[in-house]
Amino acid sequence: MNLTGPFYALVAFAIFATHDVVIKVLGASYSPFQIIFFSTIFSFPLITFMLMRDPTEGNLRPVHPWWTLTRTGSAVIAGFSAFYAFSVLPLAQVYVMIFASPLLITLMAIPILGERVGVHRLLAVLVGLIGVFVVLRPGSAELGLAHLAALGTAVFGALASVIVRKIGREERTAVLMLYPMAANFVVMGALLGFVYEPMPVAHLGGMGLISVLAFVAGLLLIAAYRDGDAAIVAPMQYSQIVWATIFGYVLFGETVDLATVIGTGIIIASGIYIVVRERRLGALSNTPVLRTRSRGATAASFRISPLLRRMRQRR
């Protein structure tokens, strides 16, 4: 078995976890609006250099404007929700709820993509969602806006991913990548005046680091899916819970309770079951789960990176 792909994926998700730590550190001092705005600014040069190598001819008008608008709005909401959740909640709790995204993608693929989902996959999704309730413990634990934001990250990230699967073959990579970035720039920039806090150079550098870490990890994830079996690479995203536990304990004094451990195990087991079953059924070309990473795309995050993968395949 080729271990290069899984190795690249493990490194990529370790970098993504570091990326989220930087968000959490800066989130203690700045609003998510400000963090996203400046990380978007730093992302533009990175994406521009990548798109300069895209040989596709055409303009930047979307072929499917309404789907593009829906995906853009979903990506902006997912990005803001993720940044806010990481700023407030323990890292492990956020990851567990984001891990529900592949399960939601499986459900959304039915009405949006017209995919047929069998009883086994539906039961696996149901079990995984039960795992989310185990983590949240409604009625026995205090739930706040940050928990809703973490769930929003999973929901809107899943929606953005499914839309990419629907229109990605017809829309230019530049359109799918730049529209959410432009929307983040405009929306977060408009709100920046209400929340802006002056930043020292070190914190401004942290904003840039968020973009660089996401960019490097995204490229590694491309390499992982290029060199490895998707059914082996996809579950590597769950390694983030290990990094979340380590970083959370060492840097922020966070601990993981028994309910979170049990719920995490249920969600991961159901996700892996779906991946393995789809592989056995030979559905690799149509399954949204295997082609979806762990979080919705934002100006500073390439965790859902079929767009980057497509660009790589064109070269």
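Residues numbered from 1 in each chain as written. Predicted model: local features only at pLDDT ≥ 70, side-chain atom pairs only at ≥ 80, totals over all residues. Heavy atoms only, no water.

## Quick notes on the overall build of the protein chain
Next up, step 1: Secondary structure summary: the protein chain contains 13 helices and 0 strands in total.
Next up, step 2: The helix and strand sequence of the protein chain, counted from the amino end, reads α-α-α-α-α-α-α-α-α-α-α-α-α.
Next up, step 3: Among the 315 residues that make up the protein chain, the fraction classed as buried is 54%.
Next up, step 4: Accessible surface computed for the protein chain: about 13700 Å², of which carbon and sulfur atoms make up 69%. (Helix = DSSP H or I, 4+ residues; strand = E, 2+ residues; numbered from the N terminus. Buried < 20%, exposed > 50% of the residue type's maximum accessible area, 1.4 Å probe, protein only. Areas by Shrake-Rupley, 256 points an atom, 1.4 Å probe, with all protein chains shown as cover.)

## Things to note about the environment of Gln-237
Next up, step 1: Along the chain, Gln-237 turns up in the loop between α10 (230–233) and α11 (240–252).
Next up, step 2: The class of Gln-237 is buried, set by a relative accessible area of 4%.
Next up, step 3: Spatially, the C-alpha atom of Gln-237 lies 9.2 Å from that of Ala-14, the residues being 223 residues apart in sequence.

## Side note on the pattern of salt bridges
Next up, step 1: Per the stated rule, a full pass over the model turns up 1 salt bridge.
Next up, step 2: As a salt-bridge pair, Glu-254 and Lys-24 come within 3.4 Å of each other at their nearest N and O atoms. One end of the pair, Glu-254, is in the loop between α11 and α12 (258–280); the other, Lys-24, is in helix α1 (residues 4–27), with 230 residues separating them in the sequence.
Next up, step 3: The class for Glu-254 is buried, based on a relative accessible area of 14%. (Salt bridge = Lys/Arg side-chain N within 4 Å of Asp/Glu carboxyl O.)

## Concerning the environment of Val-275
Next up, step 1: Tracing the backbone shows Val-275 in helix α12.
Next up, step 2: Relative accessible area serves as the criterion here: at 4%, Val-275 is assigned to the buried category.
Next up, step 3: In this structure, the C-alpha to C-alpha distance between Val-275 and Ala-230, residues 45 residues apart in sequence, is 8.8 Å.

## Digging into the confidence of the model for the protein chain
Next up, step 1: Here the protein chain shows a mean pLDDT of 83. Residues at 70 or above account for 86%.
Next up, step 2: Mean pLDDT across the secondary structure elements of the protein chain bottoms out at helix α13 (residues 306–314), with 43, and peaks at helix α3 (residues 65–88), with 94.
Next up, step 3: Counting contacts from residues 284–290, a segment whose pLDDT is below 50, to residues more than four positions away or on other chains yields 26 contacts. (pLDDT = per-residue confidence, 0-100. Contact = heavy atoms within 4.5 Å.)

## Some words on the packing of aromatic side chains
Next up, step 1: All told, the structure shown has 11 aromatic pairs when counted by the stated rule.
Next up, step 2: Judged by centre distance (6.2 Å) and plane angle (80°), the ring pair of Phe-44 and Phe-185 falls under edge-to-face. Taken together, the residues Phe-44 in helix α2 (residues 32–51) and Phe-185 in helix α8 (residues 173–195) connect sequence positions 141 residues apart.
Next up, step 3: Taken together, the ring pairs in this structure connect Phe-37, Phe-38, Phe-44 and Phe-185 into an aromatic cluster. (Phe/Tyr/Trp six-rings, centres within 6.5 Å; stacked < 30°, edge-to-face > 60°.)

## Examining α2
One full turn of an α-helix is made of 3.6 residues, so residues set three or four places apart face in the same direction.
Next up, step 1: For α2, with 20 residues, the first-to-last C-alpha span of 27 Å sits near the 28 Å given by 1.5 Å per residue.
Next up, step 2: Along α2, the sharpest change in direction is near 30° and occurs at Ser-43; proline Pro-45 comes one to four residues later.
Next up, step 3: Residues of α2 that are buried: Pro-32, Gln-34, Ile-35, Ile-36, Phe-37, Phe-38, Ser-39, Thr-40, Ser-43, Ile-47, Met-50 and Leu-51.
Next up, step 4: Capping the start of α2, Ser-31 holds a side-chain oxygen 3.1 Å from the backbone nitrogen of Phe-33, two or three residues further along. (Expected span 1.5 Å × (residues − 1). Bend = angle between axes of the 7 residues up to and from the residue. Polar contact = N/O pair within 3.5 Å; in protein donor to acceptor, adjacent residues only side chain to side chain.)

## A look at the packing of helix α5 (residues 101–113) against helix α7 (residues 145–167)
Next up, step 1: α7 packs onto α5 with a crossing angle of 45° between their chain directions and a minimal axis gap of 9 Å. The angle between α5 and α7 falls in the class oblique. You can see that α5 and α7 cross each other, and the crossing is right-handed. Residue-level inspection shows Ser-101, Leu-104, Ile-105, Met-108, Ala-109, Ile-112 and Leu-113 of α5 in contact with α7, the latter providing Ala-154, Val-155, Gly-157, Ala-158, Leu-159, Ser-161, Val-162, Arg-165 and Lys-166. (Axes fitted to C-alpha atoms, helices over the stretch in contact; angles between N-to-C directions. Parallel < 35°, antiparallel > 145°, perpendicular 65-115°, else oblique. Left-handed = near helix turned anticlockwise from the far one by under 90°.)

## Some remarks on a nonpolar patch on the surface
Next up, step 1: On the surface, Ile-41, Phe-185, Val-186, Val-187, Leu-191 and Phe-194 cluster together into a nonpolar patch covering about 550 Å² of accessible area.
Next up, step 2: At 5 residues, the largest contribution of residues to the nonpolar patch is made by α8.
Next up, step 3: Within the secondary structure, Phe-194 is located in helix α8. (Patch = residues over 30% accessible without salt bridge, like charges linked within 9 Å, V, L, I, M, F, W, Y side chains within 5 Å.)

## Some thoughts on the environment of Arg-116
Next up, step 1: Relative to the helices and strands, Arg-116 is located in the loop between α5 and α6 (119–136).
Next up, step 2: Here Arg-116 falls in the exposed class, since its relative accessible area comes to 79%.
Next up, step 3: Remark: the alpha-carbon pair of Arg-116 and Thr-106, spanning 10 residues in sequence, is separated by 9.6 Å.

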